[in-house]
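So the chains spell out like this:
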Amino acid sequence: MRRARWLAALAVAACAACAPLTPPPAATGALRLIGTAAIPPGTEVLGSAFGGISGIDYDARHGRWLLISDDRSVHAPARIYTAHLRYSATHLAPPELTGVHTLLHASGRPFAPPRQPVPGMDVPDPESARWLPGTGHFLWTSEGDFARGFGPQLRESRADGTPVRDIPLPPSFMHGPRGNGTLEGLALVPGTRTAWLAMERPWRQDGPPAAAPVRITAIDVDSGRPLRQIAYQPDTP
């Protein structure tokens, strides 16, 4: 599993010169790397092999970070970690991992490894996670496995990994996306029940992966109803 790296950046606001008439636009901030901390791959943490951290989010109410591993239940059952991160303007301390919880399927069972499929249970490929404000729950995305007939998933779980519900996605999410190129990013609009889902790669109908635009989709968290979709053109490598 790839090495998990921890980065924190401090945004420093630049001072804008005063203007006698029209105020200038707000100054853009500058990002400065304050430090890195690494956990060697394969390190056993709280009874599981740590690594493959793909998503991270902060719960300000409880002062904890949520980390989701993209392990497909190969090295250990699909799981999340909680952690404390301590940093200042000049230093990043090694993370303190405080808990690990198995992500459970809607049936209440741990997800099975790809080599030991269970009828009716999809193969997870966790990517992103976001706390749902005021609930103690979090949303998380899975890229799925089209080769086994499972498309991307959006799920709501409790902090201990137990399932709350599977959120239905538009049918097009089963037919347009490419394998291992689906729900890589997830963001919540503050003060709303809207989530933005970001694809990793272009949909088949949009053109070749190296040149086509990539889609991001806004959905209603409660119903899964699509609200808006935007296609943007990434920079060419």
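The structure contained in this document is the topic of the report that follows. Please read all numbers here as calculations on a predicted model, not as lab measurements. Residue indices begin from 1 for each chain and proceed along its sequence in written order. Local features in this predicted model are restricted to residues whose pLDDT is 70 or higher, and side-chain atom pairs enter the listing and the counts only when it is 80 or higher, whereas totals over whole chains, interfaces and linings include all residues. Calculated side-chain values reflect all of the structure's heavy atoms, with hydrogen atoms and water omitted.

**Brief notes about unusual backbone geometry**
Okay, step 1: With a phi angle near 55°, Leu-46 is a residue other than glycine that sits in the positive phi range.
Okay, step 2: You will see that Ser-73, though not glycine, has its phi angle at about 65°, which is positive.
Okay, step 3: The helix count covers DSSP runs of H or I at least four residues long, the strand count covers runs of E at least two residues long, and both are numbered beginning at the N terminus. Of note, Ser-73 is situated in the loop between strand E6 (64-69) and strand E7 (79-84).

**Some remarks on the side chain of Asp-57**
Okay, step 1: Take Asp-57: it is sitting in strand E5 (residues 53-59).
Okay, step 2: This buried residue, Asp-57, is left without a salt bridge; Arg-130 holds the nearest opposite charge, at 4.4 Å.
Okay, step 3: By the criterion applied in these results, polar contacts are pairs of N or O atoms within 3.5 Å in which, for protein atoms, one can donate a hydrogen and the other can accept it, and in which residues neighboring in sequence qualify only through two side-chain atoms. Within the local environment of Asp-57, its side chain forms a polar contact with the backbone nitrogen of Trp-131, the two atoms lying 2.9 Å apart.
Okay, step 4: Dropping the residues within four chain positions of it, Asp-57 is found in contact with Arg-64, Trp-65, Leu-66, Ala-129, Arg-130 and Trp-131. Partly exposed describes any residue whose relative accessible area lies between the buried limit of under 20% and the exposed limit of over 50%, with all areas from a 1.4 Å probe on protein chains only and scaled to the type maximum. Positive charge is attributed to Lys and Arg, negative charge to Asp and Glu, and no charge count is given to His or to the chain ends. By definition here, a salt bridge exists when the distance from a side-chain nitrogen of Lys or Arg to a carboxyl oxygen of Asp or Glu is within 4 Å. In what follows, a contact means two residues having at least one pair of non-hydrogen atoms within 4.5 Å.

**Regarding the packing of aromatic side chains**
Okay, step 1: Here the aromatic set is Phe, Tyr and Trp, taking the six-membered ring for Trp, and pairing holds for ring centres within 6.5 Å; pairs whose planes are under 30 degrees apart are stacked, those over 60 apart are edge-to-face, and all others are tilted. Scanning the entire structure with this criterion turns up five aromatic pairs.
Okay, step 2: Centroid distance Phe-50 to Tyr-81: 4.8 Å. Interplanar angle 70°. Geometry classified as edge-to-face. Placement of Phe-50 in the loop between strand E4 (48-49) and E5 and of Tyr-81 in strand E7 is noted, with a sequence separation of 31 residues between them.
Okay, step 3: By relative accessible area, which is 0% here, Tyr-81 ends up buried.
Okay, step 4: Measuring from ring centre to ring centre gives 4.8 Å for Tyr-58 and Trp-65, while their planes differ by 40°; the resulting arrangement is tilted.
Okay, step 5: Looking at Tyr-58, the relative accessible area reads 39%, which means it is partly exposed.
Okay, step 6: Any Lys NZ or Arg CZ found within 6 Å of a ring centre and within 35 degrees of that ring's normal is scored as a charge over the ring. The ring of Phe-146 is capped by Arg-204, whose NZ or CZ atom sits 5.9 Å from the centre of that ring.

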